[in-house]
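Take a look at the letters that make up each chain.
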Amino acid sequence: MTTRMIRPVDEGLVRLADPSRWNWTTAAACGGEDIDLFFGADGERQPEREEREQYAKEICADCPIRTECLDYAISVPEKYGIWGGLNEEERDGERRRRMRHVNRESAKEQPKPAAKPKPKVARIDSTGTQRRLRALAVIGHGPNMIAARMTVGSKSMLGSLRDHRVRTVLPEVARQVADLYPILLETEPGPLSTQVIATACRHGWRGPEAWEGVDIDDPNAAPREVSVSETRQGQEAIEQARRLLAAAGISDVDIVAGQPAA
Ligand code: SF4
């Protein structure tokens, strides 16, 4: 801002006039320009103001001390006129933008509060949970459906447990799976059961019948050998065969899976 524009009427303008502190003003591109070009006359109308400001801004655009001028006007802050190529409203916006930037930067430097350590819960062996999840898969209950009935755990966590990528489990997850197990054995599986059963078959997982009378949570316990006719799928297949044979007029046929009818 040219010193010609500086009138000792407020603190900022007086300080700007001090050449020992504001010697950058000697390089101002607006030196020699009409003061009204930068401040406007009283009673100026909007179209005239826009035209005047545009012209003043063009002078500022080539000014070698534009940055210093704008910094000064924002720091004071100067309320009127064109300073550093910006009018009053534009400087207000720039001031707010700078404050946001400063706040963001200082927020980054603030030490983050230490995360509250979670109470450590001892995990337990996942053998029984995994066996139950696999047995449920054999009859069509997948992790999705099981997780939906639990208050802890998630579909992906149960999937990992079932596929044995996790050897331990939280006690509460194990307890809820164990509680759900007998309920789901008596529950029709969901619409994706075919896919779940296909996965179980592909892996050769043991169904619920294999764990009847066996301590399913004992890692040393082995599943029972179960004939196909003992499984739910085997019994359904036998029932279907019976219906077909009955429809064909054949009855009382001893159907045993794996053996041809006599
Ligand atoms: S930036 Fe504009 S108002 Fe500021 S000193 Fe330069 S010409 Fe003058």
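Since we're looking at a predicted model, the values are computed, not measured.

## Topic: helix α6 (residues 127-138)
- For α6, with 12 residues, the first-to-last C-alpha span of 17 Å sits near the 16 Å given by 1.5 Å per residue.
- The complete set of buried residues in α6 reads Thr127, Gly128, Thr129, Gln130, Arg131, Arg132, Leu133, Arg134, Ala135, Leu136, Ala137 and Val138.

## Side note on the pattern of salt bridges
- Counted according to the given criterion, the structure contains 17 salt bridges.
- Across the salt bridge formed by Asp163 and Arg162, the nearest N and O atoms sit 3.2 Å from each other.
- The exposure class assigned to Arg162 is buried, which follows from its relative accessible area of 10%.
- Across the pair Asp179 and Arg175 runs a salt bridge, and its minimum N-O distance is 2.7 Å. Pair noted here: Asp179 and Arg175 are both in helix α9 (residues 171-185), with a separation of four residues, about one helical turn.
- Here Arg175 falls in the partly exposed class, since its relative accessible area comes to 42%.

## With respect to the packing of aromatic side chains
- Applying the stated criterion to the full structure yields two aromatic pairs.
- Centroid distance Phe39 to Trp83: 6.3 Å. Interplanar angle 85 degrees. Geometry classified as edge-to-face. Taken together, the residues span a long stretch of sequence, with Phe39 in helix α2 (residues 35-39) and Trp83 in the loop between α4 (66-75) and α5 (88-109) at a distance of 44 residues.
- Here Tyr72 and Trp83 contribute two aromatic rings whose centre-to-centre distance is 5.5 Å and whose plane-to-plane angle is 50 degrees, an arrangement assigned as tilted.

## Some details on helix α10 (residues 193-203)
- Among all positions in α10, only Ser193, Val196, Thr199 and Ala200 are buried. Projected onto a plane normal to the axis of α10, the buried residues spread over an arc of 125 degrees and lie on a single side. Exposed residues lying more than 90 degrees from the buried face of α10 are Thr194, Gln195, Cys201 and Arg202.
- Close packing links the buried residues of α10 with α6 and α8 (155-162).

Analysis parameters
- Within each chain, residue numbers correspond to sequence positions counted from 1 in written order.
- Predicted model: local features are reported for residues with pLDDT of at least 70 only, side-chain atom pairs are reported and counted for 80 or more only, and whole-chain, interface and lining totals are derived from all residues.
- The basis for the side-chain values is all heavy atoms of the structure; hydrogens and waters are excluded.
- For helices the rule is a DSSP run of H or I covering at least 4 residues; for strands it is a run of E covering at least 2, with both sets numbered from the N terminus onward.
- Expected span, for any helix, means 1.5 Å times one less than how many residues it has.
- Between buried and exposed lies partly exposed: a residue is buried under 20% and exposed over 50% of the maximum accessible area for its type, with that area taken using a 1.4 Å probe on protein chains only.
- What counts as a salt bridge is simple: a side-chain nitrogen of Lys or Arg found within 4 Å of a carboxyl oxygen of Asp or Glu.
- When the centres of two rings from Phe, Tyr and Trp lie within 6.5 Å, Trp using its six-membered ring, the rings pair. Their planes under 30 degrees apart give stacked, over 60 give edge-to-face, and anything left gives tilted.
- Here the arc refers to the set of directions running from the helix axis out to each C-beta atom.
- The contact criterion used throughout is that any non-hydrogen atoms of two residues lie within 4.5 Å.

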